[in-house]
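Summary of structural features
As a plain string of letters, each chain reads:
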Amino acid sequence: MSQTTEPPILRRRKNDLPDDIVLNILTRLPAKSVIRFRCVCKPWNSSITSSYFISTHLNNFAHDTDTDNDNGDGYIIHMPRHTRAMNSSNRPVCTVALDRTFDRVFEIEIPFDLPSGLSKIVGSSNGLLCLATSTNVIYLWNPSVRKFKRLPDSCLGNLGVVTLGFAYHSENNDYKVLRVSCRPWIRPNVTDDIEVYTLSSDSWRRVGMSLRANVKVLDNSFVLPAPLVSGALHWISRVVEGEEERKVELIVSFDADSEEFRMLRMPDGAMSMVRFQTCVASFKGNLAFLTFGGSEQHGGYQYSIWEMREYGMLESWNKLFVVPLERLAVCNAFTMCGALLTHCIETGNQEQKFVLIDTETLHEKDFDIQQPLCVANFMESLALLDGANMVSY
């Protein structure tokens, strides 16, 4: 009987690369390319969908993304803030664009239904997007691997005014969603209800806010997502201090690892000016503080932007930019490289338009959109590829 031999295509050649080198190469390829390589063979599919491979791929690309963002070569993703109910053949889209110029790169159709009303990008971390609808339904979605997940309903019962944040839990390689529910018109002196969703457990649980003062988190998240800086989410909050119940505004942070809250003071002099908008953002990995108000020096209006150079060190607040404007404006987005997207209103004829401002050069560029946007950073990744109970499309 003749001896059976393997087909030539299955034989391992002497000059084949070792498996560890092949996998190392794969961890450095774009996510969409890696997804296609899952079809090569079962061992490759098993390796690519492992948590170790996904984490290694993320670490390789996160470093490159940080460098791109610092150089203004990163990407953002945006979607209209107001959505209309559409059927599966006519869904709204998200647009991926360049960070500094907002020039469109490509569009991605949202694979789940959004009801009419205000929908928003809660945040973006490691290529994973968190979206929320006007009916308090929350989704996690990774367009690169074409998977999404609808989160369970709240454990808080009936919700009031809701503030949301989305964070990466670095210690456990996990993701969390923070939801704060406030009813200031009913219970002005009662603390907010707070819950945290953890992706690994796929469940919500209540958490407390152990601060010395009564804190009310202000909902400015429809303007800008709560920035994730140094592993913590940040909001502008109203704090009631002392027996005289003195009300002040502070920055409140939520550490995604320890799940502890902390209060940070705003920059000296930032609150003394007449202002129409106050918000926090992320600028090149650092916490940024923005105010919009009247300008005594230039006349008209101005945006003032501070950066906390050393996280948690209040004396490290540094005033970076003053952006003079001749018209009323609302900041729609402030990107990692310092591009300021404003919704401007002409005082004479009430004409509205969107203007993109480079805060370093003060160069202005009219932006051809018809309504306010939700904007977040964007990168490709394999997050959710190994997750359970995901919807593939």
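So, here is what we can say about the structure in this document. These numbers come from a predicted model, not from an experiment.

**Looking at the nonpolar core**
Judged by nonpolar contacts, the single largest core of 22 residues is most densely connected at Ile138, Leu140, Phe166, Tyr175 and Val177. Those elements giving two or more residues to this core turn out to be helix H4 (51-71), strand E7 (128-132), strand E8 (138-142), strand E10 (161-169) and strand E11 (174-182). With 4 residues, the single largest contributor to this core is E10. Residues contacting leucine 140, with those up to four places away along its chain left out, are Leu128, Leu129, Cys130, Lys147, Phe148, Lys149, Leu151, Phe166, Val177, Tyr197, Leu199 and Leu384. Counting residues in hydrophobic clusters, the runner-up holds 20 residues, among them Leu224, Ala281, Phe292 and Cys344.

**Here we look at a nonpolar patch on the surface**
On the surface, Leu17, Ile21 and Ile25 cluster together to form a nonpolar patch covering roughly 250 Å² of accessible area. Residue position: leucine 17 is located in the segment before helix H1 (19-26). Classification of leucine 17 by relative accessible area gives partly exposed; the value is 48%.

**Points about the packing of aromatic side chains**
For any two aromatic rings, the description comes down to two numbers: the centre-to-centre distance and the angle of the planes. Considering all chains together, one arrives at 18 aromatic pairs under this definition. Ring centres of phenylalanine 276 and tyrosine 301 lie 6.2 Å apart, and the angle between their planes is 65°; on these two criteria the pair is classed as edge-to-face. Placement of the pair is phenylalanine 276 in strand E19 (residues 275-283) and tyrosine 301 in strand E21 (residues 301-308), with a sequence separation of 25 residues. Among the aromatic residues, those joined into a ring-pair cluster are Phe112, Tyr139, Trp141, Phe148 and Tyr393. Over the aromatic face of tryptophan 204 sits the side chain of arginine 179, whose NZ or CZ is 4.3 Å from the ring centroid.

**Side note on unusual backbone geometry**
Even without being glycine, aspartate 202 reaches a positive phi, approximately 55°. Within the fold, aspartate 202 resides in the loop between strand E12 (193-198) and strand E13 (203-206). Judged by its relative accessible area of 27%, aspartate 202 is partly exposed.

Thresholds, definitions, all that
- Residues numbered from 1 in each chain as written.
- Predicted model: local features only at pLDDT ≥ 70, side-chain atom pairs only at ≥ 80, totals over all residues.
- Heavy atoms only, no water.
- Core = buried A, V, L, I, M, F, W, Y, C linked by side-chain atoms within 4.5 Å.
- Buried < 20%, exposed > 50% of the residue type's maximum accessible area, 1.4 Å probe, protein only.
- Helix = DSSP H or I, 4+ residues; strand = E, 2+ residues; numbered from the N terminus.
- Contact = heavy atoms within 4.5 Å.
- Patch = residues over 30% accessible without salt bridge, like charges linked within 9 Å, V, L, I, M, F, W, Y side chains within 5 Å.
- Areas by Shrake-Rupley, 256 points an atom, 1.4 Å probe, with all protein chains shown as cover.
- Salt bridge = Lys/Arg side-chain N within 4 Å of Asp/Glu carboxyl O.
- Phe/Tyr/Trp six-rings, centres within 6.5 Å; stacked < 30°, edge-to-face > 60°.
- Lys NZ or Arg CZ within 6 Å of the ring centre and 35° of its normal.

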